[in-house]
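Below are the chains, spelled out letter by letter.
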Protein chains: 2
Amino acid sequence: MENDFEHYLIEIRELLEREDLPRLRDLLDLMRIQDIAHALMMLEEVQIPRVFATLPRGRKVDVFSYLDPHHQYQLLAQVSAAEARHILSEMLPDDLTALLEDLPGDEVRRLLRLLPFRAIRRALTLLGYPEDSVGRLMTTEFVSVRPDWTITDSLAHIREHAERGETVNVIFVTDEDRHLLHALPLKRFVLGRASDPVAKLPAAPVVSINAQADQADAARLIQHYDLEVLPVVDEENILLGIITVDDVIDVVEEETTEDFHKMGSVGMLTLSLRDAGLPLLYRKRIGWLLVLVALNLLGGVIIAGFEEAIEALVVLVFFLPLIIAGGGNAGAQSSTLMVRALAVGDVEIKDWLRLWGRELGVSIALGLTMGLAVSALGFWRGGSEVAVLVAIAMTLVVTVGSLVGMMLPIILTRLRMDPATASVPLVTSAADIVGILIYFSLAVALLNLPAGGLP
Amino acid sequence: MENDFEHYLIEIRELLEREDLPRLRDLLDLMRIQDIAHALMMLEEVQIPRVFATLPRGRKVDVFSYLDPHHQYQLLAQVSAAEARHILSEMLPDDLTALLEDLPGDEVRRLLRLLPFRAIRRALTLLGYPEDSVGRLMTTEFVSVRPDWTITDSLAHIREHAERGETVNVIFVTDEDRHLLHALPLKRFVLGRASDPVAKLPAAPVVSINAQADQADAARLIQHYDLEVLPVVDEENILLGIITVDDVIDVVEEETTEDFHKMGSVGMLTLSLRDAGLPLLYRKRIGWLLVLVALNLLGGVIIAGFEEAIEALVVLVFFLPLIIAGGGNAGAQSSTLMVRALAVGDVEIKDWLRLWGRELGVSIALGLTMGLAVSALGFWRGGSEVAVLVAIAMTLVVTVGSLVGMMLPIILTRLRMDPATASVPLVTSAADIVGILIYFSLAVALLNLPAGGLP
């Protein structure tokens, strides 16, 4: 498929150069709208309106919907006011909302002036829902029927309204006050007896979601129940719109990318890495780096407190990277497991006591293995006393590091913060500090070294 | 919804205790199959076959398909051979393949003995495709029509075969030799004129995928083209099966979880964290921890080489955690950004030169900021010479750490390994070693300290 696309793109460029518009039109006819949109965004800025102008009227809105907001806005500024009005008023409400929410306020106002009143009201309603809520993602274009209509009447109604609806694979049954009763696959209507009322079709209990709910919850419902379409209702169960499974894939991918970046202590980067400029990348990264430096300063302060012990036995420093990394890495593992399990809903906060017990067991076992592994080294570098010291220190540090890594995401969730903020670098730094303290305290106690106070 | 489920579960347990099977049956009638399956897996082992037995025959197979392989296998051992045969032969081919691929060989053979010959052949065909290939995920149940059939004939055919098909929202048009021609939404048939041949319906070019291709590619096609169903073909374009969008959400989530766990240096954990036992968690974690200990040993060896410098100026150790963490954290950030961008197809390997240039710019800027931040501290602890040392060292270490973090995923991809193996702990450890070396070498050079050889 991708080779096809490269081929299309080369041909579009050639035809533009030769100004062969009839053949360009033929070529575009063969292409899918997503590929046309993708190709437009790879052309030079001046070429975009020329290619867009050759599209048949019916496909313009579809292609436009697949452009990114930046290109959408540019294109709107280049077409006639009449065409801009046509495009904006034909766009599906959720696509229009997505465009408006990415633009600065004065440009939103400029665009709204182009829109018919009905479309403005609809767009403003959707923009009124909280960010990342179901209301922002839903489309208000769906087909609904009444329970007392016959199958024949319903199919006629569906035929009539199908063009406006984003999907007619699922038909909603509502009462006269638009309360949601059922969601029936189109298949049932096709397979049903023509003269039966809709109420006679077999219907499973309907799953729906409130427009104020989080998009991630919609994704979970759709995934759990294998739904194609999820109806969106208000507090009184009045049907407001629908969310389709393809909207949700994008939500899942976006949320995962956010979690990923947080886990690596990068600020949320919604732009693609390819397109992000140097200043943006700098801003997204420097904050966390400075926070972590401040945190690791504590490690330095603790070391300064043990300067006399280090001067007395400099071989202690040899094991410092090992001890620090052991605790940090074990913590990184357990926080990674925990953050992901919380994100996919695999564990819940109320499980924490049982998880804590198991993590204690796992981390003691891990710590003992690693303690044994490094004790041989300790013996070689510093004799039996040092061997005992590094074995015990490693066991303690790995155990404590693991528990820190597991608890931090849980504590953040309790504080209603995103557990992914318990990033690997943060957990590693926290485990480092605890590790340094444990290691040198043990050294002073076990090896009778001089203990200096903190600086 | 979730409160509903908790409520259902409590009621099932009560009804089982009171042995009130008629009311249990009524309750199950109200529940969705996914919730029944979910509830079954939360009951005690002896209760599962009792609840399963009260299900109407038609729902048994559906509920069974949503159990995890462990519960599926246990249940099969507890029902009669006739019932097991019924369930296995009615399961959709992709669900059956998923069950068989998770079982050990001798249990697969035991189950295959229960199956009718046709089902065995089908299951073995699917199992013949490589792991994680589209062939393993597809179902062979779909509805296809011929281009010369009329809409009326086609709808009759669809009605007849709809029950077997996993979805009839998309109908495939094939020639007599089963070559894929078109994929048409059911909506087109409902809206079309009854006497027209199928060939007259408007059809976009069809997007398909080879059965040998990777599941992640299928996910990308479905996502890019907003498809509900993706047809699967062989080398000769013969239609073999279909993949639906809900299969793909699970693939996206699974792949992401794998990437996530790899980034935290945990072995692939396909089981849920909630259900994973202590020994399994130990095994998945200890390997990487030991590898990382071995790597960090190098840091210790480098330190040992500078023991004389440390003895001469013990304040150097004070800055060690800061320098180490600075490089490691910057590396963690850039590897996280890179791994995710490669996973979602946002950047490609051929972009690396441009990315490398930008990363160099970003990391020098980050390094300078952090170098300045710690130099004040260096002045306070050790005078102007130490201030200059830590500023230069921090700048270099952050720059090198970032570049290591960005290059490692690219190199792994070139070597045809999963870039997510360049986990945060691995990158951190690699950056640590380089950081220690840079820091102490600079110290010896700038401050004229005694330089000992490696031990």
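Residues numbered from 1 in each chain as written. Chains lettered and ligands numbered in written order. Predicted model: local features only at pLDDT ≥ 70, side-chain atom pairs only at ≥ 80, totals over all residues. Heavy atoms only, no water.

1. A look at the overall build of chain A
As a reminder, the rule being used: Runs of H or I in DSSP of at least four residues are treated as helices and runs of E of at least two as strands, each being numbered from the N terminus. This radius of gyration counts C-alpha atoms alone. The globule rule is 2.2 Å times how many residues there are, raised to the power 0.38. Each residue's exposure class comes from its accessible area (1.4 Å probe, protein chains only) as a fraction of the maximum for that residue type: buried when under 20%, exposed when over 50%, partly exposed otherwise. For this analysis, residues touch if any pair of their heavy atoms sits within 4.5 Å.
The helix and strand tally for chain A stands at 20 helices and 6 strands. Over its C-alpha atoms chain A spans a radius of gyration of 30 Å, topping by over 25% the 23 Å that the globule rule assigns to 455 residues. In terms of overall dimensions, chain A has a C-alpha envelope of 90 × 60 × 40 Å along the principal axes. Put simply, chain A has 455 residues, and 54% of those count as buried. Long-range contacts, defined here as pairs at least 24 residues apart, represent 67% of the contacts in chain A between residues at least 6 apart.

2. With respect to the nonpolar core
Let me state the cut-off plainly: Put simply, a nonpolar core is a bunch of buried Ala, Val, Leu, Ile, Met, Phe, Trp, Tyr and Cys residues held in one set by side-chain atoms that sit within 4.5 Å of each other.
Membership of the largest hydrophobic core comes to 91 residues, with the highest contact counts inside it found for A:Tyr439 and B:Tyr439. Excluding its chain neighbours within four sequence positions, the residues that come into contact with A:Tyr439 are A:Leu316, A:Phe319, A:Leu320, A:Ile323, A:Leu389, A:Val390 and A:Ala393. Ranked by size, the runner-up nonpolar core spans 45 residues in total, among them A:Ile209, A:Ala211, A:Val248 and B:Val134.

3. A closer look at the interface of chain A and chain B
Our working rule: Buried area: the accessible surface (1.4 Å probe) lost by two parts on joining, summed over both. Criterion for a salt bridge: a side-chain nitrogen of Lys or Arg within 4 Å of a carboxyl oxygen of Asp or Glu. For this analysis, a polar contact is any N or O atom pair within 3.5 Å, provided that within protein one partner can donate a hydrogen and the other can accept it, and provided that sequence-adjacent residues contribute only side-chain to side-chain pairs.
Across the boundary between the two partners, chain A contributes 116 residues, which contact 116 residues of chain B. Across the chain A to chain B interface the summed buried area is about 10,600 Å²; carbon plus sulfur atoms make up 67%. Sorting the residues of chain A by area buried against chain B places A:Phe260, A:Arg285 and A:Leu337 first, and these three jointly supply 8% of that buried surface. Counting every contact that joins chain A to chain B gives 2 salt bridges. The partner of B:Arg285 in a salt bridge is A:Glu359, with the nearest N and O atoms 3.0 Å apart. The interface formed by chain A and chain B contains 22 residue pairs in polar contact (both at pLDDT 80 or more). Considering every element that reaches the side of chain A that touches chain B, the biggest residue donor is helix 16 (residues 278-305) of chain A, with 17 residues.

4. Some points on the relation of the copies chain A and chain B
Cut-off, in case you're wondering: Only residues with pLDDT of at least 70 in both copies count here: their C-alpha atoms drive the least-squares fit that superposes the copies.
Each copy superposes on the other: chain A lies on chain B with an RMSD of 0.5 Å after a rotation of 180 degrees and an axial shift of 0.2 Å. Read as a symmetry element, the transformation amounts to a two-fold axis. Interface residue correspondence from chain A to chain B reaches 99%, placing this contact among same-surface, isologous pairings.

5. Remarks on the side chain of B:Thr428
Residue and element names in this part refer to chain B. Inspection of the secondary structure assignment puts Thr428 in helix 20 (residues 424-447). Looking at Thr428, its side chain comes within polar contact range of the main-chain oxygen of Val424, at 2.6 Å. Non-local contacts of Thr428, meaning those with residues more than four positions away in its chain, are made with Gly328 and Ala332.

6. Considerations on the confidence of the model for chain A
Residues and elements named next belong to chain A. Under the convention used in this document: Known as pLDDT, the predictor's confidence for each residue is given on a scale from 0 to 100.
When pLDDT is averaged along chain A, the result is 83, and 94% of the positions lie at 70 or above. At the level of individual helices and strands, chain A shows its lowest average pLDDT in helix 10 (residues 117-127), which scores 76, and its highest in strand 4 (residues 209-210), which scores 94. Taken over the whole predicted complex, pTM reads 0.71, whereas the ipTM for its chain interfaces reads 0.70.

7. Overview of the pattern of salt bridges
Residues and elements named next belong to chain A. Evaluated as defined, the whole model comprises 7 salt bridges over all chains. Glu83 is paired through a salt bridge with Lys60; the nearest N and O atoms lie 2.8 Å apart. On the criterion of sequence distance, the pair formed by Glu83 in helix 7 (residues 81-90) and Lys60 in helix 5 (residues 57-65) is long-range, its members being 23 residues apart.

8. Side note on the sheet that holds strand 1 (residues 144-145) of chain A
Residue and element names in this part refer to chain A. Let me state the cut-off plainly: Strands qualify as paired when DSSP identifies two bridges or more between them.
Pairing is mixed in the open sheet, where 3 strands are placed in the order 1-2-3. On the outer flanks of this sheet lie strand 1 and strand 3 (180-185), each paired with one strand and no other. The pairing of strand 2 (residues 170-174) with strand 3 spans 5 bridges and is antiparallel. Residue pairing for strand 3: Ile171 is matched across the bridge by Leu184.

9. Some thoughts on the packing of aromatic side chains
Note the following rule: The rule is short: rings of Phe, Tyr and Trp, with Trp giving its six-membered ring, pair when the centres are within 6.5 Å, and they are stacked under 30 degrees, edge-to-face over 60, tilted in between.
Scanning all chains against the criterion turns up 8 aromatic pairs over all chains. On the numbers, 4.9 Å between centres and 85 degrees between planes, the contact of A:Phe318 with A:Phe319 is edge-to-face. The exposure class assigned to A:Phe319 is buried, which follows from its relative accessible area of 1%. Relative to B:Phe172, the ring of B:Phe142 has its centre 6.2 Å away and its plane inclined at 85 degrees; by these criteria the two rings are edge-to-face. Pair noted here: B:Phe142 is in the loop between helix 11 (134-137) and strand 1 (144-145) and B:Phe172 is in strand 2 (residues 170-174), with a separation of 30 residues, a long-range link.

10. Thoughts on the environment of B:Arg159
Topologically, B:Arg159 is positioned in helix 12 (residues 151-161). The exposure class of B:Arg159 is partly exposed, given its relative accessible area of 41%. Along the primary structure B:Arg159 and B:Val143 are separated by 16 residues, whereas in three dimensions their C-alpha atoms are 9.8 Å apart. Setting aside its immediate chain neighbours within four residues, B:Arg159 contacts A:Val190 and A:Leu191.

11. A word on the side chain of B:Asn296
As for its placement among the helices and strands, B:Asn296 is situated in helix 16 (residues 278-305). Setting aside residues no more than four positions away along its own chain, B:Asn296 makes contact with A:Pro321, A:Leu322, A:Ala325, A:Asn329, B:Ser429 and B:Asp432.

12. Comments concerning the sheet that holds strand 2 of chain B
In spatial order, the strands read 1-2-3 (chain B); together these 3 strands make up an open sheet with mixed pairing. Since the sheet does not close on itself, it has two edges, and those belong to strand 1 and strand 3 (180-185) of chain B, each with one partner.

13. Describing the packing of helix 14 (residues 215-224) of chain B against helix 15 (residues 245-263) of chain B
Residue and element names in this part refer to chain B. Rule in force here: Convention adopted: a line fitted to C-alpha atoms gives each axis, helices being fitted over their contacting stretch, and angles between N-to-C directions are expressed from 0 to 180 degrees. Any angle from 65 to 115 degrees is called roughly perpendicular, while one under 35 is roughly parallel, one over 145 is roughly antiparallel, and all others are oblique. Two helices cross in a left-handed way if the nearer one is turned anticlockwise from the farther one by less than a right angle. They cross in a right-handed way if the turn is clockwise. Residues were grouped as follows: Ala, Val, Leu, Ile, Met, Phe, Trp, Tyr, Cys and Pro as nonpolar; Asp, Glu, Lys and Arg as charged; and all remaining residues, including Gly, as polar.
The geometry of helix 14 relative to helix 15 is characterised by a closest axis approach of 9 Å and an angle of 120 degrees between their N-to-C directions. With respect to helix 15, the element helix 14 is oriented oblique. Pair helix 14 / helix 15 crosses with left-handed handedness. Counting all contacts with helix 14, which are made through Gln215, Ala216, Ala219 and Ile222, the residues of helix 15 involved are Val245, Val248, Val251, Val252 and Glu255. Split by residue class, the contact of helix 14 with helix 15 holds 7 nonpolar, 1 polar and 1 charged.

14. Quick word on the pairing of strand 6 (residues 239-244) of chain A
Residue and element names in this part refer to chain A. With 5 of 6 residues buried, strand 6 lies mostly within the body of the structure. When strand 5 (residues 229-233) meets strand 6, the two strands line up antiparallel, connected through 5 bridges. Pairing of Leu230 across the sheet is with Ile243, part of strand 6.

15. Some points on the environment of A:Thr244
Residues and elements named next belong to chain A. Secondary-structure assignment places Thr244 in strand 6. For Thr244, a relative accessible area of 5% gives the class buried. Taking the C-alpha atoms as reference points, Thr244 and Pro231, 13 residues apart in sequence, are found 8.8 Å from one another.

16. Quick word on empty space enclosed by the protein
Stated formally: Buriedness for pockets is judged along seven lines, at least five of which must meet protein on both sides within 12 Å for an open set on the 1 Å grid over protein atoms alone, while cavities are sets there where a 1.4 Å probe fits but cannot get out, and lining residues have an atom within 4 Å of a point. Grid points are joined across faces, edges and corners, and a volume is the space filled by probe spheres set on the points.
All told, the structure shown has 7 cavities of 30 Å³ or more when counted by the stated rule. In this structure, the largest cavity encloses a volume near 110 Å³. Contributing elements (two or more residues each) for the lining of the largest cavity: helix 18 (320-343) and helix 20 (424-447) of chain A together with helix 18 (316-343) and helix 20 of chain B. Looking at the lining of the largest cavity, the element that brings in the most residues is helix 18 of chain A, giving 4 residues. Considered class by class, the residues forming the lining of the largest cavity number 4 nonpolar, 8 polar and 2 charged.

17. As for unusual backbone geometry
Residues and elements named next belong to chain A. A positive phi angle, close to 65 degrees, is found at Arg178, a residue other than glycine. Note on placement: Arg178 falls in the loop between strand 2 and strand 3. When its relative accessible area of 48% is taken as the criterion, Arg178 is described as partly exposed. With a phi angle near 65 degrees, Asn237 is a residue other than glycine that sits in the positive phi range. Looking at the secondary structure, you find Asn237 in the loop between strand 5 and strand 6.

18. Describing a nonpolar patch on the surface
Residues and elements named next belong to chain A. Threshold: Exposure above 30% relative accessible area and the lack of any salt bridge qualify a residue for a patch; like charges then connect within 9 Å, and the nonpolar side chains Val, Leu, Ile, Met, Phe, Trp and Tyr within 5 Å. Every accessible area reported is derived by Shrake-Rupley at a probe size of 1.4 Å, with residue values counting cover from the shown protein chains alone.
Where nonpolar side chains cluster on the molecular surface, the patch consists of Val388, Ile392, Leu396 and Leu446 and spans about 300 Å² of accessible area. A total of 3 residues in the nonpolar patch trace back to one element, the largest contributor, which is helix 19 (residues 352-414). Relative to the elements of secondary structure, Leu396 occurs in helix 19. The class for Leu396 is partly exposed, based on a relative accessible area of 38%.

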